[in-house]
Amino acid sequence: MSKHAHKIGALLFCPDCGTLLNLPADNETEVKCEQCGRKEPASSYEDIEIITRSHPDAFPSALAQKRKTQTKVHEGEDLNLLKVTEKCPSCGHMEAYSKELQLRSADEGSTILYTCVKCRFGWRINN
Ligand SMILES: [Zn+2]
Ligand SMILES: [Zn+2]
């Protein structure tokens, strides 16, 4: 009994008569060929199942959820800034995140970047 069912994609075919075999039920250990009565162990389907489950399209919602979570963490790092009382030129909100830029030389003063807490409008002030 060294014969195994032929696998084509996710389908199994009877090695004796070539009939397409049915998928085994959850509690069945073998699949019976409807044409010739040959019994194929349900374990022959295990490899196929693994391939199907690891396909990216098999659980798109889980992947999307993971990406969403990672994006949130990244945004949280970006917003780890000093919150100051500053009037937003765009919407008039009195709170903004500030970040001082050290790009310019000392005698030129510094540039402070503001981002409105409410509308996310960004502007800068040169000291
Ligand atoms: Zn058969
Ligand atoms: Zn604003």
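Residues numbered from 1 in each chain as written. Chains lettered and ligands numbered in written order. Predicted model: local features only at pLDDT ≥ 70, side-chain atom pairs only at ≥ 80, totals over all residues. Heavy atoms only, no water.

With an unreviewed UniProt entry as reference, the chain is termed DNA-directed RNA polymerase subunit, source organism Somion occarium. Among the UniProt annotations of the chain, the heading Sequence similarities (unreviewed entry) holds the following wording: "Belongs to the archaeal rpoM/eukaryotic RPA12/RPB9/RPC11 RNA polymerase family." Listed in UniProt under the heading Function (unreviewed entry), the comment for the chain reads: "DNA-dependent RNA polymerase catalyzes the transcription of DNA into RNA using the four ribonucleoside triphosphates as substrates." (UniProt positions renumbered as here; feature names shortened; annotations may be inferred.)

This brings us to the coordination of the zinc ion (ligand 2). For the zinc ion (ligand 2), every protein donor is listed as Cys88 (SG), Cys91 (SG), Cys116 (SG) and Cys119 (SG), and the spread of their distances is 2.2 to 2.3 Å. Around the zinc ion (ligand 2) sit four donor atoms, and with donor-metal-donor angles ranging over 105 to 115° the site reads as tetrahedral. Sequence positions of the residues that donate to the zinc ion (ligand 2) give the spacing C-x2-C-x24-C-x2-C. Of this pair, Cys91 sits in the loop between strand S5 (82-85) and strand S6 (95-101) while Cys116 is found in strand S7 (residues 111-116), placing the two residues 25 residues apart along the sequence. (Donors = N, O, S within 2.8 Å, 3.2 Å for Na, K, Ca; no water. Tetrahedral: all angles 85-135°; square planar, octahedral: opposite > 155°, others 65-115°. Helix = DSSP H or I, 4+ residues; strand = E, 2+ residues; numbered from the N terminus.)

With that out of the way, let us pick up the coordination of the zinc ion (ligand 1). Here the zinc ion (ligand 1) is held by Cys14 (SG), Cys17 (SG), Cys33 (SG) and Cys36 (SG), and the distances to it run 2.3 Å. One can describe the site at the zinc ion (ligand 1) as tetrahedral: its four donor atoms subtend angles covering 99 to 118° at the metal. Here the donor residues of the zinc ion (ligand 1) are spaced in sequence according to C-x2-C-x15-C-x2-C. Judged by relative accessible area, which is 34%, Cys17 ranks as partly exposed. (Buried < 20%, exposed > 50% of the residue type's maximum accessible area, 1.4 Å probe, protein only.)

What follows deals with the sheet that holds strand S8 (residues 122-126). Adjacent strands of a sheet form backbone hydrogen bonds with each other and so pair up, either parallel or antiparallel. In spatial order, the strands read S5-S6-S7-S8; together these four strands make up an open sheet with antiparallel pairing. At either margin of the open sheet sits one strand with a lone partner, and together these are S5 and S8. This sheet shows a mean twist of 40° between the axes of neighbouring strands, independent of strand direction. The sheet contact formed by S7 and S8 spans five bridges and is antiparallel. Considered in S8, the bridge of Thr111 is made with Asn126. (Pairing = 2+ DSSP bridges. Axes fitted to C-alpha atoms, helices over the stretch in contact; angles between N-to-C directions.)

This structure, assessed with the given rule, holds four salt bridges. The residue Glu30 makes a salt bridge to Lys39 at a minimum N-O spacing of 3.7 Å. Looking at Glu30, the relative accessible area reads 35%, which means it is partly exposed. Where Lys83 meets Glu95, a salt bridge forms, and the shortest distance between an N and an O atom there is 4.0 Å. On the criterion of sequence distance, the pair formed by Lys83 in strand S5 and Glu95 in strand S6 is long-range, its members being twelve residues apart. Via salt bridges that share partners, Asp16, Arg38 and Glu40 belong to a single interconnected network. (Salt bridge = Lys/Arg side-chain N within 4 Å of Asp/Glu carboxyl O.)

So, about unusual backbone geometry. The backbone phi angle of Arg120 is positive, close to 65°, even though this residue is not glycine. With respect to the helices, strands and loops of the structure, Arg120 is situated in the loop between S7 and S8.

With the rule as written, the count across this model stands at two aromatic pairs. Aromatic pair Tyr114 and Trp123: ring centres 5.4 Å apart, planes at 25°, arrangement stacked. For the residue pair Tyr114 and Trp123, the accessibility class agrees, reading buried in each case. Both rings, one in Phe121 and one in Trp123, keep their centres 6.0 Å apart while their planes meet at 25°; by these two values the pair is stacked. Each member of the aromatic cluster is reached from another via a ring pair, and the members are Tyr114, Phe121 and Trp123. (Phe/Tyr/Trp six-rings, centres within 6.5 Å; stacked < 30°, edge-to-face > 60°.)

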